[in-house]
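Survey of secondary and tertiary structure
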4 protein chains.
Amino acid sequence: MIDVAVVGAAGYVGIEAVRWVLAHPGLFLTCATSGTDAGRPVSASYPALTGLTDVVFSEPDPEAIARKSKVALLAVPHTAAMGIVPGLLEAGLTVIDLSADFRLTDAGVYEQWYETPHTAAGLLAEAVYGLPELNRSKLAGARLVACPGCYPTATVLAALPALEGPAVDSHIVVDAKSGISGAGRTPSAKVHYCSASESVSAYGDCKHRHIPEIEQVLSLALYEEISVVFAPHLIPMARGLLATVYIRVEKGFTTAKAVGLYRGRYRDEPFVHVHSAGVMPSTSEVRMTNRAAIGVMVDERTDTLVATCAIDNLGKGAASQAIQCLNTVFGLPETEGLNAWSGVV
Amino acid sequence: MIDVAVVGAAGYVGIEAVRWVLAHPGLFLTCATSGTDAGRPVSASYPALTGLTDVVFSEPDPEAIARKSKVALLAVPHTAAMGIVPGLLEAGLTVIDLSADFRLTDAGVYEQWYETPHTAAGLLAEAVYGLPELNRSKLAGARLVACPGCYPTATVLAALPALEGPAVDSHIVVDAKSGISGAGRTPSAKVHYCSASESVSAYGDCKHRHIPEIEQVLSLALYEEISVVFAPHLIPMARGLLATVYIRVEKGFTTAKAVGLYRGRYRDEPFVHVHSAGVMPSTSEVRMTNRAAIGVMVDERTDTLVATCAIDNLGKGAASQAIQCLNTVFGLPETEGLNAWSGVV
Amino acid sequence: MIDVAVVGAAGYVGIEAVRWVLAHPGLFLTCATSGTDAGRPVSASYPALTGLTDVVFSEPDPEAIARKSKVALLAVPHTAAMGIVPGLLEAGLTVIDLSADFRLTDAGVYEQWYETPHTAAGLLAEAVYGLPELNRSKLAGARLVACPGCYPTATVLAALPALEGPAVDSHIVVDAKSGISGAGRTPSAKVHYCSASESVSAYGDCKHRHIPEIEQVLSLALYEEISVVFAPHLIPMARGLLATVYIRVEKGFTTAKAVGLYRGRYRDEPFVHVHSAGVMPSTSEVRMTNRAAIGVMVDERTDTLVATCAIDNLGKGAASQAIQCLNTVFGLPETEGLNAWSGVV
Amino acid sequence: MIDVAVVGAAGYVGIEAVRWVLAHPGLFLTCATSGTDAGRPVSASYPALTGLTDVVFSEPDPEAIARKSKVALLAVPHTAAMGIVPGLLEAGLTVIDLSADFRLTDAGVYEQWYETPHTAAGLLAEAVYGLPELNRSKLAGARLVACPGCYPTATVLAALPALEGPAVDSHIVVDAKSGISGAGRTPSAKVHYCSASESVSAYGDCKHRHIPEIEQVLSLALYEEISVVFAPHLIPMARGLLATVYIRVEKGFTTAKAVGLYRGRYRDEPFVHVHSAGVMPSTSEVRMTNRAAIGVMVDERTDTLVATCAIDNLGKGAASQAIQCLNTVFGLPETEGLNAWSGVV
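In this report, we go over the structure that sits alongside the text. (Residues numbered from 1 in each chain as written. Chains lettered and ligands numbered in written order. Predicted model: local features only at pLDDT ≥ 70, side-chain atom pairs only at ≥ 80, totals over all residues. Heavy atoms only, no water.)

**What about the packing of helix H6 (residues 132-139) of chain A against helix H11 (residues 315-329) of chain A?**
Residues and elements named next belong to chain A. Direction vectors running N to C along H6 and H11 enclose 30 degrees, while the axes themselves pass 10 Å from each other. On the basis of the axis angle, H6 is roughly parallel to H11. The two elements H6 and H11 meet at a crossing, and its hand is right-handed. Across the interface between the two elements, Pro132, Glu133, Arg136 and Leu139 of H6 pack against Lys316, Gln321, Gln324, Cys325, Thr328 and Val329 of H11. Partitioned by chemical class, the residues of the contact of H6 with H11 number four nonpolar, three polar and three charged. (Axes fitted to C-alpha atoms, helices over the stretch in contact; angles between N-to-C directions. Helix = DSSP H or I, 4+ residues; strand = E, 2+ residues; numbered from the N terminus. Parallel < 35°, antiparallel > 145°, perpendicular 65-115°, else oblique. Left-handed = near helix turned anticlockwise from the far one by under 90°. Contact = heavy atoms within 4.5 Å. Nonpolar A, V, L, I, M, F, W, Y, C, P; charged D, E, K, R; others polar.)

The following block contains the structure:
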């Protein structure tokens, strides 16, 4: 059993991490920390966990975490993680960080998009970007994993095979649709049921912080500068994320070829499923799982490939992907503890 | 491993039964039959099961089922089950029936409410009503289990402790709220998203077929005739069922006493949780689980006890309860394969 | 044109009052006050009103309100209204109050349920309870109207005909289901989309403040003490409220008789519609209207009448009912400005 | 009063047309025809119209329609309209057609996309495309109006100002999100609440029939061939449509310039509202109205303009736009009968 602490455990991503750790036969939850909910039983804050765990949220005390745990799953806000990670690493822990703090390789880019100095820039070179479909070998034995954002996960999986192959333009359009849990647990006017239901809207600018992450991952993978225009939308569902990418491709490329290309690319991936021609995925089919479902089609009139990737924003987009990374870091079977599935309705 | 066939597997209850069988370490799915979907892979009809099973829906051939299986989970419509059950029993199978055909002990009552002759009335005496919280000992070794309806499950769990104790009136009011999956998988105007969303309504009469079942179960348990007025409502959510029961109680009975009574009654039940005073359960906390969550309060002004019981109508209200029964019939640990839980959001 | 101020206009009830005043051909909106949104254009807070009004929320200054207006529609919180009303009356205005402060005739009862002294108890005798279906004649010329709560409106309309006639028990059960807007505009964990969607639950105790209001109204109308047990539930829709009432009736009373009774009782009511036997109303059919739709059925097995009344909690349950009262007070046609209807889907 | 028949009145678009005709002070509804619902009162099929109209759906008899009406609003399916329109025109009626049959100017293109011969191709030249923002002058006095589809309405309004100005590429990406009512009233697996809720997915191919319509309208307006890749998505809400368009623009073009451009373009349009920089529209703000709300921003990193246009798919995307056309054809004030608005929540 590997002893795991979940730090920042009371937010939506944190509590999902708790849930996945509890369900994993090889992991033991040492503590679930939360500044806001410390002292409350987990099941008081989240009645869905009633009867499944007696853990009580505890204060986030780095020494206590380090003493009891071998791994820390960090689900604290961006800019907070970089203050905690160095100490945990020094104490000998493996850190799987779900924040954005160690995703960008260039501290300057981080500082530009997050508008704050990076206080642990020395660790950026060591951090492994935690998308197993790209970085499986680097993850083995890694000390610090930077788990991808939800939008980059879906976007990269949808775009990569096309960009590796038939794409003729390094500029792509990404239109993404996220469920409301993507906006976090904190109550606000935007997430009020009466505002969020029966409505859809785009975010107000073209400056989402996941843009540099998407561009970096694709550019590194392709040895070529990729640029994206990215417009995320909030839609009325609790969980789920669909990224729709539009990529100009060479003349004569067809839907059948595209499906073949994508299926070949992901043949050995346990968590990526490519649908048949004519079938595009629904987010409901991956709800509460670590799976990514991809559909791809080519508009032969305009030589544009359209791919959509459906994930659970809190699963493959966050907490269960962290477990997939953890499995890979420690040499466990990659699918261990991850065979949950969504209900059929 | 116990070989299990799911008969009528393409409806909402049937496919949930498939899902729970697949998740159970001691069960092996021999076949999933469906008249309408025969020949289609399960994952084509239900993409949420993509990658999790290669089973293809097969024609419902009783001989094939009997040859391959030790247990049949029946999720066929009311009045269809009684035509199939005798043959399966003769072939030596154990039958866990999710229809209403073997729930009522009196064939006359069945014929009155279902308006059709009962063609297997000789088996009614043998059938064990599959509510483990009531009938655990009778379930051990049973050959034919009649699983409760979703409304009776929630109603009986909510009402029983009060009726056993402080109730002063044998007539109770049951106001129930069900998610849309309770209306089944067949498309209709009523379940069209545009009709069902943003709306709530009661069913059109006071003659729901679950009434005689509720009255029978409570009357048998209490050695006293209990009568219920029962009004089910359809509310805009996919899954979940909440039963609210109103019971007149003796003067001086309090919420604190009620919570104590209910907690004592269900102390040893692995799947029943009674909330603290002041907390009433939400259906979301039991979604996709076999759990029942109960809240109870007493209106001391009017000496009325109000209890609500939240279940997943397709889980504890149907498919996972069938697995709980199966575990009990075969002497497996009662909770085996049933420790799923809902996501926290 | 009658000059109308809406006080407390930025909450859900207040902004609905603004909307109905703007739609009314005989009313002129002098101001919409809000402590929180003062200085913002109404359409900035509520983009749905874009292009329909240029009004800017203003500070709630009683003198300014009084100088410009003949009528004040008050949508401020309970306990706040009683501090404002006396001054507005003294300044010569008619006050239509949507809070609870002047609904209860007995200051002692108010103080018991609202746990605060009533500072304007001297006005209680004068206040007219604003349910036109009960108090039409008293409303004509009234100076102070106390508009009913949403739950009492639906409950009284559903229960009154039965209590006037075939009821044999003065204790009734009321199970109510409200959309999320009933919980108000202030963000909270409870109204977060991720908590409120796909779930239903009852409130945590039997002490909702609408209970004494319901009992008072029914008891006064019937010259008999009526007691209610009342359990409100929150269900996943933005607007709408359904009250289901259970009333013991004399033996031999039938659904057909019940429909006849209710249709006779409401024959001349422009905003109350009684459905045919076998049809129970949906809240969607009254969304964004001032209408109440009623269905009634009798469980002849148990001699219990079940009636449901569907209203829009912000319409007939609040703002449009205030306009109906205003019309009646000033001798305008009762339906003037109130012929809005909901969309069909 | 202008006598108006609604033909094909029982579908979602048809019944919305009925609703808008009833609400219009200058229109009189002569009949509402429906093959499926003939003989039923409108309010029996759509209880939301209870008390507002006594009209009974009638058989679609062209002679009866012609005898009683001056205008026919046609909401029959594609390929059915072209069989009815010639007779109605010959009988002297004005026809406002909501189907696709007279939208495309080239019968060959129609036959390619709709896979059926056009039986009234001789009328295509006369039909006026009913987007008043483009064709106001041609609409005056027109005999046959072809109302735009919902996707083309939103797309053209979102794309046109950019294509007229700063665009540097005549190929654009359109990612559209529609509520479930866009799939029509007929029950199906896709629109079952349990399939449609909590999920989003793209349509299965790149061949939506609105593509040639969008390309034709933009190309005619711009005297330049425009090509679109178009991916519609179904999202979990009953009503509403959001089109997001991506257009490459000249270097140095900014969000501020874009807002200025769009505001100038639509300055005199009563039903088009352009939001401030940083604010993108929600579909909820135009629900049940004839309004289009537009937001525009420029990704200066990639010189891509992103515009979103929110409409009600059954309002400005269908029925109320038909009324706007009717007003224009007959010289009524363009906004007459169209000042409805959505509720604020």
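**Quick word on helix H9 (residues 210-222) of chain D**
All names here are of chain D. Relative to the 18 Å expected for 13 residues at 1.5 Å per residue, H9 spans 18 Å between its end C-alpha atoms, a close match to the ideal helical length. When you tally the buried positions in H9, you get eleven out of 13 residues, the bulk of the element. His210, Ile211, Pro212, Glu213, Ile214, Glu215, Gln216, Val217, Leu218, Ser219 and Leu222 are the residues of H9 that are buried. Residues of H9 that are buried sit in contact with helix H5 (107-114), strand S5 (128-129), helix H6 (132-139), helix H7 (150-164), strand S7 (171-178) and strand S9 (227-234). A positive backbone phi angle near 55 degrees is found at Tyr223, which sits one or two residues after H9. (Expected span 1.5 Å × (residues − 1). Buried < 20%, exposed > 50% of the residue type's maximum accessible area, 1.4 Å probe, protein only.)

**Structural notes on the relation of the copies chain A and chain B**
By a simple turn and slide, chain A fits onto chain B: the slide is 0.0 Å along the axis, the RMSD is 0.0 Å, and the turn is 180 degrees. What the rotation and shift describe, once combined, is the action of a two-fold rotation axis. (Least-squares fit on C-alpha atoms with pLDDT ≥ 70 in both.)

**With respect to the pattern of salt bridges**
Considering all chains together, one arrives at 64 salt bridges over all chains under this definition. Close ionic contact of Glu16 of chain B with Arg19 of chain B constitutes a salt bridge, the shortest N to O distance being 3.2 Å. Separated by three residues within a single helix, Glu16 of chain B and Arg19 of chain B lie in helix H1 (residues 12-23), roughly one turn from each other. Judged on exposure class, the residue Glu16 of chain B and its partner Arg19 of chain B are both buried. The salt bridge involving Arg143 of chain C is made with Glu126 of chain C; its shortest N-O contact spans 2.7 Å. Separated by 17 residues along the polypeptide, Arg143 of chain C in the loop between helix H6 (132-139) and strand S6 (144-146) and Glu126 of chain C in the loop between helix H5 (107-114) and strand S5 (128-129) bring together distant segments of the chain. When its relative accessible area of 36% is taken as the criterion, Arg143 of chain C is described as partly exposed. Salt bridges linked by common partners bring Glu16, Arg19, Arg239 and Asp312 of chain A together as one network. (Salt bridge = Lys/Arg side-chain N within 4 Å of Asp/Glu carboxyl O.)

**Regarding the environment of Thr116 of chain A**
All names here are of chain A. Mapped onto the fold, Thr116 is located in the loop between helix H5 (107-114) and strand S5 (128-129). Look at Thr116 and you get partly exposed, because its relative accessible area is 23%. Sequence separation between Thr116 and Thr79 is 37 residues, and the spatial gap between their C-alpha atoms is 7.8 Å. Sequence-distant contacts of Thr116, that is, excluding residues within four places in its chain, are made with Thr79, Met82, Tyr110 and Glu111.

**Concerning the sheet that holds strand S4 (residues 94-97) of chain B**
Strand pairs in the sheet, formed through backbone hydrogen bonds, run parallel or antiparallel to each other. Residues and elements named next belong to chain B. Reading across the sheet, the six strands line up as S2-S1-S3-S4-S6-S5 and stay open at both edges, with parallel pairing between neighbours. The two strands at the open ends of the sheet, each matched to only one other strand, are strand S2 (27-33) and strand S5 (128-129). Sheet analysis places strand S1 (residues 2-7) next to strand S3 (residues 71-74), joined by four bridges and oriented parallel. Residue pairing across strands places Val4 opposite Val71, the latter belonging to S3. (Pairing = 2+ DSSP bridges.)

**Some details on the interface of chain D and chain A**
Frequently, the measure chosen for interface size is the accessible area removed from exposure when the parts meet. Counting residues at the interface gives 49 residues for chain D and 49 residues for chain A. With both sides pooled, the region where chain D packs onto chain A buries about 3,800 Å², and carbon together with sulfur makes up 60% of that total. A per-residue breakdown of the area chain D buries against chain A is headed by Glu198, Val200 and Arg301 of chain D, which together make up 17% of the total. Linking chain D to chain A there are six salt bridges. Put simply, Asp175 of chain D and Lys177 of chain A hold a salt bridge, and the shortest N to O gap is 2.9 Å. Run the count over chain D and chain A and you get 20 residue pairs in polar contact (both at pLDDT 80 or more). Counting only elements with at least two residues in the side of chain D that touches chain A, the list comes to S7, strand S8 (201-202), H9, S9, strand S10 (241-248), strand S12 (292-299) and strand S13 (304-311) of chain D. (Buried area = accessible area lost by both parts, 1.4 Å probe. Polar contact = N/O pair within 3.5 Å; in protein donor to acceptor, adjacent residues only side chain to side chain.)

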